[in-house]
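Geometric and topological summary
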Amino acid sequence: MRREVPLAITAIVGFTLIVVYFIPHPPFNHFRNFFEDLFFIVAAFAIWLGCLNLLKVNADRFYFKRKGWPFAIVVWFGFFLMVIVGFWDGRGFMNPGTTFYYLYDILYYPLNATMFSILAFFVASASYRAFRARNKEATMLLVAAMVVMLGRVPFGYYLSSWLPEGWRLGNITDWVMDFPQTAGQRAIMIGIALGIVSSSLRVLLGLERTFASGE
Amino acid sequence: MVETIGIWIAAILTLGIFSFLYKDNPFYKFCESLFVGVSAGYWFATTFWQVMMPKLVDNLAAGRWIYIIGGIFGILMLLRLFPKIGWISRWSLALVVGTTAGLYFTRYLVSNGMVQTENTIMPIFVTGNLPQTIGNLVIVVGTFCGLVYFFFSKEHKGTFGGFAKVGIWFIMVSFGASFGYTVMSRMSLLLGRLDYLFGTWLGLIK
């Protein structure tokens, strides 16, 4: 019951969707829309599960006075502020002029953008330590990164402005992005496709069952 | 007035996150906790209005009762919060895994496998356009050698190993370019925040 039911659900849903791809006519095409809708509904509940778990963890942190417990109140405050206002504003909650949009603009957006922007400093510091031209492969990585970074800023244009058109850093960056980068990415993408196909088959045939056993 | 208060709050929170660059401190902890709570609340409300309402509630209201299955599986997912009966949530997880496997099987096979291969097998020689011809040649050689590198069922030795070595060069260039692109995107975010602080907040940049 605990293991067989999940495996059966996975196989039925997965194989139905594969069959539907090859027979895109009624009634089979309705199955695709239906299962996709179910997927989105369950995924939404999974997001809710994550949010509720966050509240539970922070409630425990506050109740048992664990390290940094006062900040648990801040988490709860932020959560309920957005949820209450979001529910209050109704279906058009993200329209400009609503309170939810205002909170998004003054809280969520600046915090999110700043959090990701400080990664620029950490990436710079990590690359300073990690980017050493130890061998041919590392040198190629270093050169490609430098060319792309310099080729996308005015300083790169200034550095190579004396070169003839077509040989400037911006042109070289475009060439690297259009050809060698595309070739590498394409090999990776085809490899990923083959990997996903094989792992999907393993899941659908019940050979990969760790998700069903919880181990 | 409301707008000014909003600008001040956003600017102070921005400074709070930036303060981590000096060292971990209570001001940063406050902003970080607020970010976590606000993000969770944002997604909670967004999923309700953009997924639950149109896909579940509206369908049920229109008499399409089959969608109750989605609601049941969703509630089973929430049972994960109760350790004694948490195992039932694996049924919902199975639905997600099955849908993902079924959809991705065909989607990735077509878009990442077939279409990418199709785009690689193209007329290499473009008459009167040498740079394009060289570029096409680079793509074909790079993709082939990159795939050889990912083939681990045969030892990378001899001619095969040579192809694999060329493949890793292309993959390294690709990683380097992706890294450079990521750094630049983070830089543009940083410039956006600095522009907000010095322009919108302090009014020093016109």
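Residues numbered from 1 in each chain as written. Chains lettered and ligands numbered in written order. Predicted model: local features only at pLDDT ≥ 70, side-chain atom pairs only at ≥ 80, totals over all residues. Heavy atoms only, no water.

**Notes on the confidence of the model for chain B**
Short version of the rule: Per residue, pLDDT measures the predictor's confidence, with a range of 0 to 100. Runs of H or I in DSSP of at least four residues are treated as helices and runs of E of at least two as strands, each being numbered from the N terminus.
When pLDDT is averaged along chain B, the result is 92, and 100% of the positions lie at 70 or above. Per-element mean pLDDT across chain B ranges from 91 in helix H4 (residues 89-120) of chain B up to 96 in helix H2 (residues 26-61) of chain B.

**Things to note about a nonpolar patch on the surface**
Note the following rule: What makes a patch is a set of residues exposed beyond 30% relative accessible area and free of salt bridges, joined within 9 Å when like-charged and within 5 Å when nonpolar (Val, Leu, Ile, Met, Phe, Trp, Tyr). Only the protein chains shown count as cover for residues, and the accessible areas themselves come from Shrake-Rupley with a 1.4 Å probe. Should a side-chain nitrogen of Lys or Arg be within 4 Å of a carboxyl oxygen of Asp or Glu, the pair is scored as a salt bridge.
On the surface, A:Val19, A:Tyr21, A:Phe22, A:Ile23, A:Phe28, A:Phe31, B:Leu109, B:Val110, B:Met114 and B:Val115 cluster together to form a nonpolar patch covering roughly 820 Å² of accessible area. Mapped onto the nonpolar patch, the elements with two or more residues apiece are helix H1 (4-22) and helix H2 (28-63) of chain A together with H4 of chain B. The element that contributes the greatest number of residues to the nonpolar patch is H4(B), accounting for four residues.

**Topic: the domain arrangement of chain A**
For clarity, the cut-off: For the domains described, the bounds stem from an automatic or database domain assignment.
Taken as a whole, chain A is organised into domain 1 (1-66) and domain 2 (121-178). Between domain 1 of chain A and domain 2 of chain A, the C-alpha centre-to-centre distance is 43 Å.

**What about the interface of chain A and chain B?**
A common measure of how large an interface is: the accessible area buried when the components associate. Selection rule: The contact rule is simple, with two residues in contact once any of their heavy atoms fall within 4.5 Å. Take the accessible area each of two parts loses on contact, using a 1.4 Å probe, and add the two losses: that sum is the buried area. By the criterion applied in these results, polar contacts are pairs of N or O atoms within 3.5 Å in which, for protein atoms, one can donate a hydrogen and the other can accept it, and in which residues neighboring in sequence qualify only through two side-chain atoms. Three residue categories are used. Nonpolar comprises Ala, Val, Leu, Ile, Met, Phe, Trp, Tyr, Cys and Pro, charged comprises Asp, Glu, Lys and Arg, and polar comprises the others, including Gly.
Residue-level contacts link 109 residues of chain A with 113 residues of chain B. When chain A packs against chain B, close to 10,600 Å² is buried across both sides, 82% of that on carbon and sulfur atoms. Scanning the region where chain A abuts chain B turns up four salt bridges. Counting every contact that joins chain A to chain B gives 17 residue pairs in polar contact (both at pLDDT 80 or more). Among the elements that make up the side of chain A that touches chain B, the one with the highest residue count is H2(A) (21 residues). Each residue belonging to the side of chain A that touches chain B can be placed in one class, and the counts come to 80 nonpolar, 18 polar and eleven charged.

**Topic: the packing of aromatic side chains**
Definition in use: Here a Phe, Tyr or Trp ring, Trp counted by its six-membered ring, pairs with any other such ring whose centre lies within 6.5 Å, and the pair is stacked when the planes are under 30 degrees apart, edge-to-face when over 60, and tilted otherwise. Here the term buried applies to any residue with accessible area under 20% of the maximum for its type, exposed to any over 50%, and partly exposed to those in between, with areas from a 1.4 Å probe on protein chains only.
As enumerated under the stated definition, the model contains 36 aromatic pairs over all chains in all. With centroids separated by 5.4 Å and ring planes inclined at 75°, the aromatic side chains of A:Phe79 and B:Phe44 adopt a geometry described as edge-to-face. Of this pair, A:Phe79 sits in helix H3 (residues 70-89) while B:Phe44 sits in helix H2, each in a different chain. Here B:Phe44 falls in the buried class, since its relative accessible area comes to 9%.

**Section: the packing of helix H9 (residues 180-204) of chain A against helix H5 (residues 130-149) of chain B**
Convention followed: Between the N-to-C directions of two axes lies an angle of 0 to 180 degrees, each axis being a line fitted to C-alpha atoms and, for a helix, fitted only over the stretch in contact. In this scheme the handedness of a crossing depends on how the near helix is turned from the far one: anticlockwise by less than a right angle means left-handed, clockwise means right-handed.
Between H9(A) and H5(B), the shortest axis-to-axis distance is 8 Å and the interhelical angle comes to 35°. Viewed along their axes, H9(A) and H5(B) form a crossing whose handedness is right-handed. Along the contact surface, H9(A) presents A:Pro180, A:Thr182, A:Ala183, A:Arg186, A:Ala187, A:Ile190 and A:Gly191, while H5(B) presents B:Val138, B:Ile139, B:Gly142, B:Thr143, B:Gly146 and B:Leu147. Taken together, the residues that form the contact of H9(A) with H5(B) break down as seven nonpolar, five polar and one charged.

**Digging into the confidence of the model for chain A**
Taken residue by residue, chain A gives an average pLDDT of 90. The fraction at 70 or more is 99%. Here helix H10 (residues 210-213) of chain A stands out as the least confident element of chain A, with mean pLDDT 77; H3(A) is the most confident, with 97.

**Here's the deal with the pattern of salt bridges**
Following the criterion strictly, the structure yields ten salt bridges over all chains and no others. Residue A:Arg168 is joined to A:Glu165 by a salt bridge in which the shortest nitrogen-to-oxygen separation is 3.0 Å. A relative accessible area of 17% places A:Arg168 in the buried class. Exposure remark for A:Glu165: the relative accessible area of 58% places this residue in the exposed category. Between B:Asp24 and B:Lys29 there is a salt bridge, with its nearest N and O atoms 3.6 Å apart. Overall, the relative accessible area of 32% leaves B:Lys29 in the partly exposed class. Through salt bridges with shared partners, a single ionic network connects A:Arg32, A:Glu36 and B:Arg107.

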